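Structure assessment
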Amino acid sequence: MLISDFDYNLPDELIAQTPLASRDASRMLVVDRGTGAFKDEVFLNLPHFLRPDDVIVLNNTKVFPARLFGNVETGANVEIFLIRETMESVWEALARPMKRLKPGKKILFGDKLAATVIEIRDGKVFLRFETTDDLDQILDKIGRTPLPPYIKRITTEIDADRERYQTIFAKNRGAIAAPTAGLHFTPEIIEAIKNIAVIVTEITLHVGYGTFEPIRVDDLANHTVSAESYEISAETALILNDAKAAGRRIVAIGTTTTRALEATVSKFGRFVAGSYSADLTIIPGYTFKGVDALLTNFHLPQSSLLVLTSVFGGHQLIMRAYQHAVEAKYRFYSYGDCMLIV
């Protein structure tokens, strides 16, 4: 299929710029793969669509302040978006404007952190950081929340999102974007889910650049998504394998959770505990092996996340559901509403 098959028109006013006052107040479009029907609901009613002994899988990755504002030696401003640490003190990053950087150039981030440009390759910059203090602690002080570019903020207000752009179950630091389907959950919702005998367990997939990197090919057969690291505990692997053996549903919260679960089953034939690299690219023709139901937000047109969602739910059904969501004025993207595919 062509990436153009995954396009739709979205008015700018439907792109959610701020979160709702209550995390669990979002709308939820329920899509039934079996009947081809969809229904307008609210996220608070999620427990009504779950069955006793379902297994819900959350992604407990934690977003770190990956955006830095600094100055090159000439005094010019530069913005750095950290992607991943490739070796000790060396980071792959995006930069704006890139034209101000070249190998050997030094960037200053206040008086306690500096970085030297090592290399510029494939639209990314590689930086070696220099500090005598703990880098994570410095980032917590001077870094900013790595919001997606479609969420507009005045620079001085950009860190007002630090708490809200984080799930309530975030614990393992390493993501540069939130697993946004998890943003809807509150302690009360999780307790309500457990009260109907649904099992709640967690995995970790550190959301990386691959999650939101633009698709740059016309034919999806030529598309690959950059690898992301994930970890499954022995306890979670046991829960998931027992559920599969008993024919019980595994409900993935988010496309990042889905990618981790499908990556391990595709690689090993079952859920295996350990730390691995999710190098799976889900495109039309892929058969899902681990996940039975999916809660996800509404994704950008022609994005790898929309492709994954469409493969899971069925291309025509999901694109019709998206058209309905536009017409019904759902809120889109990271701070927006959600879709439950059963």
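Residues numbered from 1 in each chain as written. Predicted model: local features only at pLDDT ≥ 70, side-chain atom pairs only at ≥ 80, totals over all residues. Heavy atoms only, no water.

A short note on the pattern of salt bridges
To keep it simple, the criterion reads: In the sections that follow, a salt bridge refers to a side-chain nitrogen of Lys or Arg positioned within 4 Å of a carboxyl oxygen of Asp or Glu. In this text, helices come from DSSP runs of H or I with a minimum length of four residues, and strands from runs of E with a minimum of two, each type numbered from the N-terminal end. Remark: exposure states derive from per-residue accessible area (1.4 Å probe, protein chains only) relative to the maximum for the residue type, with buried under 20%, exposed over 50%, and partly exposed in between.
Counted according to the given criterion, the structure contains 16 salt bridges. The closest approach of N and O atoms between glutamate 163 and arginine 23, which form a salt bridge, is 3.3 Å. Note that glutamate 163 is positioned in the loop between α1 (135-142) and β11 (172-175) and arginine 23 in the segment before β1 (27-31), a separation of 140 residues in sequence. Of the residues examined, glutamate 163 reaches a relative accessible area of 54% and is grouped as exposed. Residue arginine 23 is classed as buried on the basis of its relative accessible area of 11%. Residue glutamate 79 pairs with arginine 67 through a salt bridge whose shortest N-O separation is 2.3 Å. One end of the pair, glutamate 79, is in strand β6 (residues 77-87); the other, arginine 67, is in strand β5 (residues 67-72), with 12 residues separating them in the sequence.

A word on the packing of aromatic side chains
Counted only if it meets this: Pairing of aromatic rings covers Phe, Tyr and Trp, the last counted by its six-membered ring, and requires centre-to-centre distances within 6.5 Å; plane angles under 30 degrees mean stacked, over 60 mean edge-to-face, and any other angle means tilted. Two conditions define a charge sitting above a ring: the NZ of Lys or the CZ of Arg must be within 6 Å of the ring centre, and it must be within 35 degrees of the ring normal.
What the rule picks out here adds up to 17 aromatic pairs. Geometrically, the ring pair formed by tyrosine 8 and phenylalanine 332 is tilted, given 6.0 Å between the ring centres and 35 degrees between the ring planes. Taken together, the residues span a long stretch of sequence, with tyrosine 8 in the segment before β1 and phenylalanine 332 in the loop between α7 (315-327) and β17 (338-341) at a distance of 324 residues. A relative accessible area of 9% places tyrosine 8 in the buried class. A residue is classified by how much of its surface remains accessible, and phenylalanine 332, at 0% relative accessible area, is buried. Of the aromatic side chains, those joined through ring pairs into one cluster are Tyr8, Tyr150, Phe298, Tyr322, Tyr330, Phe332 and Tyr333. Across from the ring centre of tyrosine 330, 3.9 Å away, lies the NZ or CZ of arginine 27, which sits over that ring. Across from the ring centre of phenylalanine 312, 4.1 Å away, lies the NZ or CZ of arginine 33, which sits over that ring.

On their own, these measurements won't tell you what the molecule is for.
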